[in-house]
Amino acid sequence: MDDVRSYRPISNLPVLSKLLERLVSRQLLDYITAEGLMPALQSAYRLFHSTETAVLKVLADILRALDNGDVAILTLLDLSAAFDTVDHVFLLRRLETSYGIGGCALRWFASYLSGRTQYVRRGMSFSDITAVLCGVPQGSVLGPILFLFYTANTAAD
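Keep in mind that this is a model prediction, so the values were computed, not measured.

Turning next to the layout of surface pockets. Taken as a whole, the second largest pocket holds about 750 Å³ of empty space. Within the residue set of the lining of the second largest pocket, elements represented by two or more residues are α2 (51-67) and α5 (142-151). Ranked by residues supplied to the lining of the second largest pocket, first place goes to α2 with seven residues.

In structure tokens, the structure reads:
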């Protein structure tokens with residue numbers, strides 16, 4: 001592949017890390033659900049919701065608009081590299097102000113996001129190691145959840 005856009009960061013996460021992430025994600029989602037902080041239109045991580053329910057909601061909204069004589073326009077976004085754009089400082093501030101996560105838990109998330117490095121390997125050639133200053137780890141359990149919190153509209157915003 002010669003298209004540079006095809007090369008995306010992949011995190012090689014140890015099994016122990018993934019187990020810890022699963023525990024943290026379960027506690028985090030239980031807390032967010034119990035406190036009513038899950039975005040209303042969010043389908044992932046919600047009981048009895050899926051991509052199918054999200055598509056059905058969009059379809060129902062379009063059909064309702066057409067039935068009312070309105071014009072419906074659907075805009076789709078390609079978010080394939082969006083996880084790479086998460087600003088750590090903003091995410092941590094959002095976890096604190098919008099979701100009430102502070103103290104030891106917030107410090108854990110700061111530690112989870114910081115100190116990561118990356119390099120590019122092609123064949124037997126390696127680039128210099130550089131610090132990862134934004135984004136959530138690809139292939140992680142927490143990555144999609146943190147991206148959701150990063151992008152969600154909340155009352156505190």
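So, on to α5. With eight of ten residues buried, α5 lies mostly within the body of the structure. Those residues of α5 that sit buried are Leu-142, Gly-143, Ile-145, Leu-146, Phe-147, Leu-148, Phe-149 and Tyr-150. Where α5 is buried, its residues contact α1 (15-34), α3 (88-97) and α4 (103-113).

As enumerated under the stated definition, the model contains six aromatic pairs in all. A ring pair is formed by Trp-108 and Tyr-112, whose centres lie 5.3 Å apart and whose planes are at 15°; its orientation type is stacked. Highlighted residues: Trp-108 and Tyr-112, both in helix α4, separated by four residues, approximately one helical turn. Tyr-112 gets classed as buried once you look at its relative accessible area, which sits at 8%. Taken together through their ring pairs, the aromatic side chains of Trp-108, Phe-109 and Tyr-112 make up a single cluster. One cation-aromatic arrangement involves Arg-116 over Tyr-112; the distance from NZ or CZ to the ring centre is 4.7 Å.

What follows concerns the packing of α1 against α5. For the pair α1 and α5, interaxial distance at closest approach is 10 Å and the crossing angle is 30°. Classified by the interaxial angle, the pair formed by α1 and α5 is roughly parallel. The handedness of the crossing between α1 and α5 is left-handed. Each of Glu-21, Val-24, Ser-25, Leu-28, Leu-29 and Ile-32 in α1 lies in contact with α5, whose residues at this interface are Leu-142, Ile-145 and Phe-149.

The next point concerns the nonpolar core. If you look at the biggest cluster of nonpolar residues, it comprises 25 residues, and the most contacted ones within it are Leu-95, Phe-109, Leu-146 and Phe-149. The element that contributes the greatest number of residues to this core is α5, accounting for seven residues. Residue contacts for Leu-146: discarding those within four places in its chain leaves Leu-91, Leu-95, Phe-109, Tyr-112, Leu-113 and Val-136.

In an α-helix, one full turn covers 3.6 residues, which means residues spaced three or four apart are oriented alike. Turning to α3, its buried residues are His-88, Leu-91, Leu-92, Arg-94 and Leu-95. Burial along α3 is one-sided: seen end-on, the buried residues are contained in an arc of 160°. Counted as exposed and oriented over 90 degrees from the buried face of α3: Val-89 and Thr-97. On its buried face, α3 is in contact with α4 and α5. For α3, the N-terminal cap is Asp-87; the gap from its side-chain oxygen to the backbone nitrogen of Val-89 is 3.1 Å.

On the surface, a nonpolar cluster with roughly 370 Å² of combined accessible area is contributed by Leu-56, Leu-59, Leu-63 and Leu-66. Overall, Leu-66 belongs to the partly exposed group, its relative accessible area being 48%.

Thresholds, definitions, all that
- Residues numbered from 1 in each chain as written.
- Predicted model: local features only at pLDDT ≥ 70, side-chain atom pairs only at ≥ 80, totals over all residues.
- Heavy atoms only, no water.
- 1 Å grid on protein atoms, 1.4 Å probe; cavity = no way out; pocket = protein on both sides within 12 Å on 5 of 7 lines; lining within 4 Å.
- Points joined across faces, edges and corners; volume = space filled by probe spheres on them.
- Helix = DSSP H or I, 4+ residues; strand = E, 2+ residues; numbered from the N terminus.
- Buried < 20%, exposed > 50% of the residue type's maximum accessible area, 1.4 Å probe, protein only.
- Contact = heavy atoms within 4.5 Å.
- Phe/Tyr/Trp six-rings, centres within 6.5 Å; stacked < 30°, edge-to-face > 60°.
- Lys NZ or Arg CZ within 6 Å of the ring centre and 35° of its normal.
- Axes fitted to C-alpha atoms, helices over the stretch in contact; angles between N-to-C directions.
- Parallel < 35°, antiparallel > 145°, perpendicular 65-115°, else oblique.
- Left-handed = near helix turned anticlockwise from the far one by under 90°.
- Core = buried A, V, L, I, M, F, W, Y, C linked by side-chain atoms within 4.5 Å.
- Arc of directions from axis to C-beta.
- Polar contact = N/O pair within 3.5 Å; in protein donor to acceptor, adjacent residues only side chain to side chain.
- Patch = residues over 30% accessible without salt bridge, like charges linked within 9 Å, V, L, I, M, F, W, Y side chains within 5 Å.
- Areas by Shrake-Rupley, 256 points an atom, 1.4 Å probe, with all protein chains shown as cover.
- Salt bridge = Lys/Arg side-chain N within 4 Å of Asp/Glu carboxyl O.

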